[in-house]
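# A closer look at the structure
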Amino acid sequence: GAGVSQSPRYKVAKRGQDVALRCDPISGHVSLFWYQQALGQGPEFLTYFQNEAQLDKSGLPSDRFFAERPEGSVSTLKIQRTQQEDSAVYLCASSPQREQYFGPGTRLTVT
Amino acid sequence: QQQVKQSPQSLIVQKGGISIINCAYENTAFDYFPWYQQFPGKGPALLIAIRPDVSEKKEGRFTISFNKSAKQFSLHIMDSQPGDSATYFCAASPRSGGSNYKLTFGKGTLLTVNP
């Protein structure tokens, strides 16, 4: 069946621009996670949704980061006024219970 | 504070050999320990996972060994193949539900299997 999909796969933004990253989870998965993966590092937790409710946003690095999942399915991670330190791969994972299934990620490069 | 420590950082193994990657954790609340495989340009793919109520779990050529008292777990890849060349991540999450299921990852091990 279809896995987790993310778009765009690559995004180049000039410093100060806003970006929006999309995640389409596996159908029926209640839980959705966003992670940030810096080059050569393991993914780090950003935020968690249970259906449409954002229950944990403790990993968001600043108030420039905002995520939503209005209908409990597709989720969008928005980064306002991008900075160079935001350059990373942004991964989305959906989960039926404990197992988390990751999408291919969006590689964001801020120039 | 790095809650999951992974070693080695890189590993080179000959085809047919055994690859061993180790992880240690600090948080005693962790009760779910998955391993992920990641190829360049791809997202992490779940390989195998273990709970602390068992000491070993095997799936095909992949085995997790778990030592609860030492707070360590390891991935063994038997009969390693060039196609296994990838970055491997261990991870852990605590027993509470909801957002507590967020994974804490190790820093990864780059495995190269030479033909």
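Data block above holds the structure.
Conventions we followed
- Residues numbered from 1 in each chain as written.
- Chains lettered and ligands numbered in written order.
- Predicted model: local features only at pLDDT ≥ 70, side-chain atom pairs only at ≥ 80, totals over all residues.
- Heavy atoms only, no water.
- Helix = DSSP H or I, 4+ residues; strand = E, 2+ residues; numbered from the N terminus.
- Rg over C-alpha atoms; globule rule 2.2 N^0.38 Å.
- Buried < 20%, exposed > 50% of the residue type's maximum accessible area, 1.4 Å probe, protein only.
- Contact = heavy atoms within 4.5 Å.
- Areas by Shrake-Rupley, 256 points an atom, 1.4 Å probe, with all protein chains shown as cover.
- Lys, Arg positive; Asp, Glu negative; His and termini not counted.
- Charge placed at Lys NZ, Arg CZ, Asp CG, Glu CD.
- Disulfide = S-S within 2.5 Å.
- Polar contact = N/O pair within 3.5 Å; in protein donor to acceptor, adjacent residues only side chain to side chain.
- Pairing = 2+ DSSP bridges.
- Axes fitted to C-alpha atoms, helices over the stretch in contact; angles between N-to-C directions.
- Salt bridge = Lys/Arg side-chain N within 4 Å of Asp/Glu carboxyl O.

## Observations concerning the overall build of chain A
The number of helices and strands found in chain A is zero helices and eleven strands. In chain A, the order of α-helices and β-strands from amino to carboxyl end is β-β-β-β-β-β-β-β-β-β-β. Against the compact-globule benchmark of 13 Å for 111 residues, chain A has a radius of gyration of 13 Å, which places it among compact chains. Along the first, second and third principal axes, the C-alpha set of chain A runs to 35 × 25 × 20 Å. Looking at the 111 residues of chain A, the share that counts as buried comes to 46%. Restricting the contact set of chain A to residue pairs at least 6 apart, pairs at least 24 apart contribute 51%. By element, 45% of the accessible surface of chain A is carried by carbon and sulfur atoms, the whole surface being about 5,500 Å². Taking the average location of the 12 positive side-chain charges in chain A and that of its 11 negative ones, the two points are 7 Å from each other.

## Side note on the environment of S65 of chain B
Residues and elements named next belong to chain B. With respect to the helices, strands and loops of the structure, S65 is situated in strand 7 (residues 62–67). Sequence separation of S65 and S7 is 58 residues, and the distance between their C-alpha atoms is 15 Å. If we ignore the near neighbours within four places in the chain, the residues touching S65 are S55, E56, Q72, F73, S74 and H76.

## Regarding the state of the cysteines
Counted by the stated rule, this structure contains two disulfides over all chains. Each sulfur in the disulfide pair C23 of chain A and C92 of chain A lies 1.8 Å from the other. As the torsion about the S-S bond is roughly -60 degrees, the C23 of chain A-C92 of chain A disulfide counts as left-handed. You can see C23 of chain A sitting in strand 3 (residues 19–24) and its partner C92 of chain A sitting in strand 9 (residues 88–95), a full 69 residues away along the chain. Here C23 of chain B pairs with C90 of chain B through a disulfide, and the sulfurs are 1.8 Å apart. Residues C23 of chain B and C90 of chain B are joined through a disulfide that is left-handed, its torsion about the S-S bond being -90 degrees. Note that C23 of chain B is positioned in strand 3 (residues 19–25) and C90 of chain B in strand 9 (residues 86–94), a separation of 67 residues in sequence.

## Details of the side chain of Q100 of chain A
You can see Q100 of chain A is positioned in the loop between strand 9 and strand 10 (101–102). By relative accessible area, Q100 of chain A is classed as buried at 0%. There is a polar contact of 2.9 Å between the side chain of Q100 of chain A and the backbone oxygen of Y101 of chain B.

## Quick word on the sheet that holds strand 1 (residues 5–7) of chain A
Residue and element names in this part refer to chain A. The strand order 1-3-8-7 describes an open sheet built from four strands, whose pairing is antiparallel. Looking along the sheet, the strands with just one partner apiece sit at the ends: strand 1 and strand 7 (65–68). Across the sheet, the axes of successive neighbouring strands diverge by a mean angle of 15 degrees, strand direction being ignored. Summarising the sheet, strand 7 and strand 8 (residues 75–79) pair through four bridges and their orientation is antiparallel. Residue pairing across strands places A67 opposite L77, the latter belonging to strand 8.

## Describing the pattern of salt bridges
Residue and element names in this part refer to chain A. Overall, the coordinates contain seven salt bridges over all chains when judged by the stated rule. The closest approach of N and O atoms between R22 and D24, which form a salt bridge, is 2.7 Å. The partly exposed category is assigned to R22, whose relative accessible area is 37%. In this structure D24 comes out as partly exposed when scored by relative accessible area, which is 22%.

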